[in-house]
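# Survey of secondary and tertiary structure
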Amino acid sequence: MSHWYLIHTKPKQELRAKEHLENQGINCYLPIMSVEKVLRGKRQEVEEVMFKNYIFIELEHDDGNWSKVRSTRGVRDFVRFGLKVAKVPLSVINQLHNQLQSLDLKIIQTNAPKVGEKVKVTDGAFKDLEGIFQTKNGDERSIILLNILNNSVEMDISNQDVIKLEN
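First, a word on scope: everything that follows refers to the structure included in this document.

## Here we look at the environment of Arg141
By secondary structure assignment, the location of Arg141 is in strand 13 (residues 141-148). Taking C-alpha positions, Arg141 is 44 Å from Val88, a pair spaced 53 residues apart along the chain. Excluding residues within four positions of it along the chain, Arg141 makes contact with Lys136, Asp156, Ile157, Ser158 and Asn159. A polar contact of 2.8 Å, which involves the side chain of Arg141, links it to the backbone oxygen of Asp156.

Structure follows, in structure tokens:
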């Protein structure tokens, strides 16, 4: 009987580990989602691994692949609790898969500010001023509402010059 297990990978090597495990005939599941980020001042949709440094694999308990998995490129080891290897219920794998299917309609925002969030200008004439994000203006610019001399002014500012402030 097969079970799902969680594998800890080396940093940023989830795709490499998946490729090498699949080349050995091991069934893998690596949840990937679309994320909107501001990279080099441009809003871009990128695909990211949902769980950094982890991948799910399906193995027969007694098929002898255990040592082969641990010596695969990109893999650190099985996730363990003490000496016991952690099993992942099939229901969890199915639920993750279903959740990702529903996320296909949405893009998850990460470091890109959303309407109404506080932002800070990091460069230019308005450096260090805080404002409210209004809307994106193309891929490289945003409209920010700044309070200048007790007047609210909308400014068109490069995404490279704006960071989202944590609440």
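## So, the packing of aromatic side chains
Where two aromatic rings form a pair, the distance of their centres and the angle of their planes describe that pair. Applying the stated criterion across every chain, the model contains three aromatic pairs. With centroids separated by 6.2 Å and ring planes inclined at 85°, the aromatic side chains of Phe51 and Phe56 adopt a geometry described as edge-to-face. The rings of Tyr29, Phe51 and Phe56 are connected pair by pair, giving a single aromatic cluster.

## Describing the pairing of strand 13
Examined bridge by bridge, strand 12 (residues 130-137) and strand 13 share six bridges and lie antiparallel to one another. Paired with Gly131 across the strands is Leu146, a residue of strand 13. In this structure, the hairpin formed by strand 12 and strand 13 is closed by a connection of three residues, where Gly138 is found at a positive phi of approximately 85°. A loop of two residues connects strand 13 with strand 14 (residues 151-158), the two strands running antiparallel in sequence, and Leu149 in this loop sits at a positive phi of about 50°.

## Quick notes on the pattern of salt bridges
By the definition in use, this model includes seven salt bridges. When the shortest N-O distance is used, the salt bridge between Lys18 and Glu22 registers 2.9 Å. Taken as a pair, Lys18 and Glu22 lie in helix 1 (residues 14-23) at a separation of four residues, close to a single helical turn. Glu22 sits in the partly exposed class, given a relative accessible area of 38%.

The rules behind each value
Just so you know, the residues in each chain are numbered from 1, in the order the chain's sequence is written. Residues qualify for local features only when their pLDDT is at least 70, as the model is predicted, and side-chain atom pairs are given and counted only at 80 or more; totals for whole chains, interfaces and linings, by contrast, use all residues. Values reported for side chains reflect all heavy atoms of the structure, with hydrogen atoms and water molecules removed beforehand. A helix here means a DSSP run of H or I that spans at least four residues, while a strand means a run of E at least two residues long, and both kinds are numbered starting from the N terminus. Residues are treated as being in contact if the distance between any of their heavy atoms lies within 4.5 Å. By the criterion applied in these results, polar contacts are pairs of N or O atoms within 3.5 Å in which, for protein atoms, one can donate a hydrogen and the other can accept it, and in which residues neighboring in sequence qualify only through two side-chain atoms. Note on aromatic pairs: the rings of Phe, Tyr and Trp (six-membered ring only in Trp) are paired at centre separations within 6.5 Å, and the planes decide the class, stacked below 30 degrees, edge-to-face beyond 60, tilted for the rest. Only when DSSP finds a minimum of two bridges between them are two strands counted as paired. Any Lys or Arg side-chain nitrogen found within 4 Å of a carboxyl oxygen on Asp or Glu counts as a salt bridge. Think of it in three bands: residues with accessible area under 20% of the maximum for their type are buried, residues over 50% are exposed, and the middle band is partly exposed, with areas taken using a 1.4 Å probe on protein chains only.

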